[in-house]
Amino acid sequence: MNPNHDHFPEGDSFRQSLSGRYRTASIWRTLFLSALVIAIISLAALLYNVIDGAFGYVAYEYKNDPAEFTPKPLDDLNQPELLAILKANLSSGAYNKLNNEKPMEKRSKADLYTLTLERLIQIDTKQNWSLTESLLRGAEIRAEVAEKYPKAKLEFRSWITPVFLTTPMSSKAEFAGVRTAILGSLWMVGIAILFALPIGTGAAIYLQEYADKNFINRVIQTNINNLAGVPSIVYGMLGLAIFVRVLEPLTSGSLFGVTDSNGRTIFSAGLTMGVLVLPLIIINAQEAIKAVPDSLRQAAYGVGATKWQTVWYHVLPNAIAGILTGSILALSRALGETAPLIVVGASTFISLDPDGPFSKFTALPIQIYQWTTRAQSEFHAIAASAIIVLLVLLLTLNAAAILLRNRYQRKY
Amino acid sequence: MQNTHSKEYAIETKSLFIFYGSFAAVSEVNIKIEKRKITAIIGPSGCGKSTLLRSFNRMNDFVPSSYVTGEIRLHGQNLYSKDIDPVEVRRKIGMVFQKPNPFPKSIYENIAWGARINGFKGNMDELVEQSLRNAALWEEVRDKLKKSAYELSGGQQQRLCIARTIAIQPEIILMDEPASALDPIATLKIEELMQELKKNYTIIIVTHNMQQAARVSDYTAMMMLTEDRRSGTVIEYDDTKKIFTNPKDKRTEDYVTGRFG
């Protein structure tokens, strides 16, 4: 018999060592499970925190009594009545300014109602509470409000509303919305993708299909991988130096006859974001191209295709879904970036919608950042609401990426 | 290694060496492949059969650092001379691969694409039908030409690959273990097809399956690693019958009788 046979445990001692092995395994399993639990708790805490801020009781007073303007309850007024009230009570300068932005007669009832509240009655928010507090201490809050602010109304409010999505920035939290920020963000990622997708895909094709495996190309490849990890503020500095300053004639639009802006435009921000996501897009596109099997390339070469025909007719069509998926994920990073925008010069208060690449702009993360730095707690509530908007946008993008991947997933 | 039977040759190699970097994968190959016959290349794994086959239509060009010395002649023209474009070589010398690799497109498009990129001006429907008929696939797919090639079975896919290859009217068809991924029935169909095809084309086939080589081929080249075990070469090249019944080389005899390899 093989002499090594005696060195293996048998019978009881084998079973003992086996139970030892299972013990070790179960310890590791528990560790992995707790890692997962910690991750889930962190995510849940994040979501809780955001949702907690976006809903809850708010106590507010009317600075001016509605009875001063109309004998009817405010909610029962119709559009012409609201229009008449505004016309009668606003200064003619303010009225004309509003009328210039959008003719008053054509505004909706909801719009006029908001204007009446904002300009005439003027809401004064006294205090607001988080969702948890509102749910757990409802009676206490009501008692507290009755005592401290006898004139105040208390209402349970969702700070995120359709109106919140469609109104521009305002200096009053009650009337502020994220339309300008959403449009700014969309313009920005649009420009970023127009810039980065063709360039990134082209670079990836070259690196993957044409470049020799020599020293220089390895250095380039390594640096692309490293660039994907460079802190975003560094890209902000780059954007400031190159796009905002050096290329100002281009990015301010003065080359195209736009006169009233400097280099701090959506165009600069979009290009900066484009440069920021470029390494990600290149790497993702390379992976997608790598996933196209060599047998397909050989099949094409085998029937007398040139390299270009092989790439154009077979490699790219089979890699395009992967390239787009990667680009969408890269875009969702651009959508959430804040630091480069601060450096490039996003406006923190702007109520005009961006109307082209050479507009001043703000973006969702900037808006959120700006609101969270305000002292009044009602701004924290609308910051939480804006975070929900941003998260929904990001999830939508990621869902689109997943759908695209599943739809075009190929089996070779 | 003399081939005394025929006059007309499709391909001739002259002291052919194939290198990967400084390593000679194949060395000193001198063979003449006869026109409109089936020539099998057999030998143990790693002896350079596929490398030799791929050198005939310059598919090895895609392996970085590979190069060739010596000559491979087609119509007296060296395929590796500077003024020869490898794309033109592959247009004349088609290839069928080990694993069926149809394009992820329709059956029709699989055939038509190669013809189209090579500037085919005739009637495409006719060409597709003719190629599929010649590959003994027409009856099975005539009603689903617009369907994806991936819906076909492995054996059908491989015949589609053969149809795709003959659609561009090559002179020579290289087959790199074309039946190794197929079941015996599909294999038989491919072998029958090869007998049909050799009426019009020269076929060179690499195979691991010695019965297959014995069944289908007219000539057989036996490859083996050289004594120092570094480089593959053709040790014997003759009529298939002779190789399998009365080989000159002891190593060939050991191999074909299953005593080695």
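Residues numbered from 1 in each chain as written. Chains lettered and ligands numbered in written order. Predicted model: local features only at pLDDT ≥ 70, side-chain atom pairs only at ≥ 80, totals over all residues. Heavy atoms only, no water.

This paragraph deals with the confidence of the model for chain B. Residues and elements named next belong to chain B. When pLDDT is averaged across chain B, the result is 91; 96% of the residues are at 70 or more. The weakest mean pLDDT in chain B belongs to helix H10 (residues 250-256) at 89; the strongest belongs to strand S9 (residues 202-206) at 96. For this predicted complex, the interface confidence reaches an ipTM of 0.90, while the overall pTM sits at 0.83. (pLDDT = per-residue confidence, 0-100. Helix = DSSP H or I, 4+ residues; strand = E, 2+ residues; numbered from the N terminus.)

Residues and elements named next belong to chain A. Per the domain assignment, the segments of chain A are domain 1 (52-158) and domain 2 (179-408). One C-alpha centre belongs to domain 1, the other to domain 2, and the line joining them spans 41 Å. Domain 1 puts four residues into the contact, and the matching count from domain 2 is six residues. Here domain 1 packs against domain 2, burying approximately 400 Å² in sum over the two surfaces, 53% of which is carbon and sulfur. Summed over the shared surface of domain 1 and domain 2, the result is zero salt bridges. Counting across the interface, domain 1 meets domain 2 through one residue pair in polar contact (both at pLDDT 80 or more). At the level of elements, helix H1 (11-54) and strand S2 (123-128) are the ones that each hand at least two residues to the side of domain 1 that touches domain 2. Tallied by class, the residues present in the side of domain 1 that touches domain 2 amount to one nonpolar, three polar and no charged. (Domains from an automatic or database assignment. Contact = heavy atoms within 4.5 Å. Buried area = accessible area lost by both parts, 1.4 Å probe. Salt bridge = Lys/Arg side-chain N within 4 Å of Asp/Glu carboxyl O. Polar contact = N/O pair within 3.5 Å; in protein donor to acceptor, adjacent residues only side chain to side chain. Nonpolar A, V, L, I, M, F, W, Y, C, P; charged D, E, K, R; others polar.)

Quick look at the interface of chain B and chain A now. Listed per partner, the contact involves 21 residues of chain B and 18 residues of chain A. Taking both sides of the interface into account, the surface hidden between chain B and chain A amounts to around 1,700 Å²; carbon and sulfur atoms contribute 66%. Counting the surface chain B buries against chain A, the share from its top three residues, Pro104(B), Trp113(B) and Ile117(B), is 28%. Where chain B meets chain A, there are zero salt bridges. When the residues that make up the side of chain B that touches chain A are grouped by side-chain class, the tally is 12 nonpolar, four polar and five charged.

Of all the 11 residues making up helix H3 (residues 107-117) of chain B, 10 are buried; the element is thus mostly covered by neighbouring parts of the structure. Within the span of H3(B), buried status applies to Ile107(B), Tyr108(B), Glu109(B), Asn110(B), Ile111(B), Ala112(B), Trp113(B), Gly114(B), Ala115(B) and Ile117(B). Buried-residue contacts for H3(B) involve helix H13 (294-302) and helix H14 (307-336) of chain A together with helix H4 (124-134), helix H5 (138-141) and helix H6 (154-167) of chain B. Taken from the residues just after H3(B), Gly119(B) is the one with a positive phi, measuring 80°. (Buried < 20%, exposed > 50% of the residue type's maximum accessible area, 1.4 Å probe, protein only.)

This part covers the packing of helix H16 (residues 364-372) of chain A against helix H17 (residues 377-408) of chain A. Residue and element names in this part refer to chain A. In contact at an axis separation of 8 Å, H16 and H17 are set at 160° when each is read in the N-to-C sense. By the angle class used here, H16 and H17 are roughly antiparallel. Considering only the axes of H16 and H17, their crossing is left-handed. In this structure, H16 contributes Leu364, Ile368, Trp371 and Thr372 to the contact, and H17 contributes Phe379, His380, Ile382, Ala383, Ala386, Ile387, Val389, Leu390 and Leu393. The residue makeup of the contact of H16 with H17, split by class, is 11 nonpolar, two polar and no charged. (Axes fitted to C-alpha atoms, helices over the stretch in contact; angles between N-to-C directions. Parallel < 35°, antiparallel > 145°, perpendicular 65-115°, else oblique. Left-handed = near helix turned anticlockwise from the far one by under 90°.)

Let's shift gears to helix H7 (residues 184-197) of chain B. Taking 1.5 Å per residue as the helical rise, H7(B) with its 14 residues ought to reach 20 Å, and the 20 Å between its terminal C-alpha atoms agrees with that figure. Check the buried side of H7(B) and you find it contacts strand S4 (38-42), H4, H6, strand S8 (172-176), S9 and helix H8 (210-216) of chain B. (Expected span 1.5 Å × (residues − 1).)

All names here are of chain B. Positioned with a positive phi, arginine 36 is a non-glycine residue whose angle comes to about 50°. Relative to the helices and strands, arginine 36 resides in the loop between strand S3 (32-34) and S4. Assessed through its relative accessible area of 42%, arginine 36 is described here as partly exposed. At glutamine 169, a position not held by glycine, the phi torsion is positive, near 50°. Structurally, the position occupied by glutamine 169 is in the loop between H6 and S8.

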